[in-house]
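# Close look at the chain arrangement
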Amino acid sequence: MKQAIFPGSFDPITLGHFDIIQRGVSLFDEVIVAIGVNSDKKYMFTLEERKQFIEEAFKDEPKVRVITYEGLTIDLCKKEKADFILRGLRNPADFEFEKAIAHTNRKLSKIETVFLLTAAKTSFISSSIVRDVIRNGGDYTVLVPDAVKVKR
């Protein structure tokens, strides 16, 4: 079974993330969306809210599983027996950042990183932009799956 880990903070999941997961499902037998826990980071949404958003967005897709984790992504890959890390690329800056991580992961393990380019219609969307829109009372709903609901 070909499994891929799609790691991130997903604070919140965006339409760009959604697109990468949907396309990943066609490439892998299972896509494990892995929400990383970083105690140094301040999140807008709780871990449980972020998990619920993703589970709701993919409730009809049995090939998507959502988990949370701490530590190195390659350790999670070993634990889940996943041979691939799935990542989305929006722009050249993403590529440079992700390339360094992929090389490090490859040096530390045999896990391959698979990059998918985001769709042109979502390439401008980032979670930080979505959070700014939410903080400033804008219409965030055009940037995220319908499952993302702000209760503030």
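Here's a quick rundown of the structure. (Residues numbered from 1 in each chain as written. Predicted model: local features only at pLDDT ≥ 70, side-chain atom pairs only at ≥ 80, totals over all residues. Heavy atoms only, no water.)

### Focus on the packing of aromatic side chains
- Evaluation of the coordinates by the stated rule reveals 5 aromatic pairs.
- Ring centres of Phe-95 and Phe-115 lie 6.4 Å apart, and the angle between their planes is 65°; this geometry places the pair in the edge-to-face category. In this pair, Phe-95 sits in helix 4 (residues 92-108) while Phe-115 sits in strand 5 (residues 112-117), placing the two residues 20 residues apart along the sequence.
- The partly exposed category is assigned to Phe-115, whose relative accessible area is 28%. (Phe/Tyr/Trp six-rings, centres within 6.5 Å; stacked < 30°, edge-to-face > 60°. Helix = DSSP H or I, 4+ residues; strand = E, 2+ residues; numbered from the N terminus. Buried < 20%, exposed > 50% of the residue type's maximum accessible area, 1.4 Å probe, protein only.)

### Here's the deal with helix 2 (residues 47-57)
- Glu-49, Arg-50, Phe-53 and Ile-54 are the residues of helix 2 that are buried. Burial along helix 2 is one-sided: seen end-on, the buried residues are contained in an arc of 130°.
- Contact partners of the buried residues in helix 2: strand 2 (30-36) and strand 3 (64-69). (Arc of directions from axis to C-beta. Contact = heavy atoms within 4.5 Å.)

### Topic: the side chain of Arg-131
- Mapped onto the elements of the fold, Arg-131 is located in helix 5 (residues 127-135).
- Overall, the relative accessible area of 18% leaves Arg-131 in the buried class.
- Among residues more than four places away in sequence, those in contact with Arg-131 are Asp-11, Pro-12 and Met-44.

### As for the nonpolar core
- Within the largest apolar cluster, 28 residues are counted, with the highest numbers of intra-cluster contacts made by Ile-21, Val-31, Val-33, Ile-54 and Leu-86.
- Looking at this core, the elements that each hand over two or more residues are strand 1 (3-8), helix 1 (15-27), strand 2, helix 2, strand 3 and helix 5.
- In terms of residues, this core owes the most to one element, helix 1, which gives 4 residues.
- In contact with Ile-21, other than residues within four places in its own chain, are Phe-6, Ile-13, Val-31, Val-33, Phe-58 and Val-64.
- Residues Ile-5, Ile-67, Leu-76 and Ile-111 belong to the second largest nonpolar core, which totals 11 residues. (Core = buried A, V, L, I, M, F, W, Y, C linked by side-chain atoms within 4.5 Å.)

### Things to note about the sheet that holds strand 4 (residues 84-89)
- In space, the 5 strands of this open sheet follow the order 3-2-1-4-5, with parallel pairing throughout. The strands lining the two open edges of the sheet, one partner per strand, are strand 3 and strand 5. Sheet twist, expressed as the mean angle between neighbouring strand axes with direction ignored, is 30°.
- In this structure, strand 2 lies alongside strand 3, joined through 6 bridges in parallel fashion. By the bridge assignment for strand 3, Val-31 is matched with Val-64. (Pairing = 2+ DSSP bridges. Axes fitted to C-alpha atoms, helices over the stretch in contact; angles between N-to-C directions.)

### Quick word on the pairing of strand 5
- Bridging between strand 4 and strand 5 involves 6 bridges; their strand directions are parallel. Bridge assignment links Leu-86 to a residue of strand 5, and that residue is Val-114.
- Each parallel crossover has a hand, and the one from strand 4 via helix 4 to strand 5 is right-handed. (Right-handed = clockwise from strand over helix to strand, strands pointing away.)

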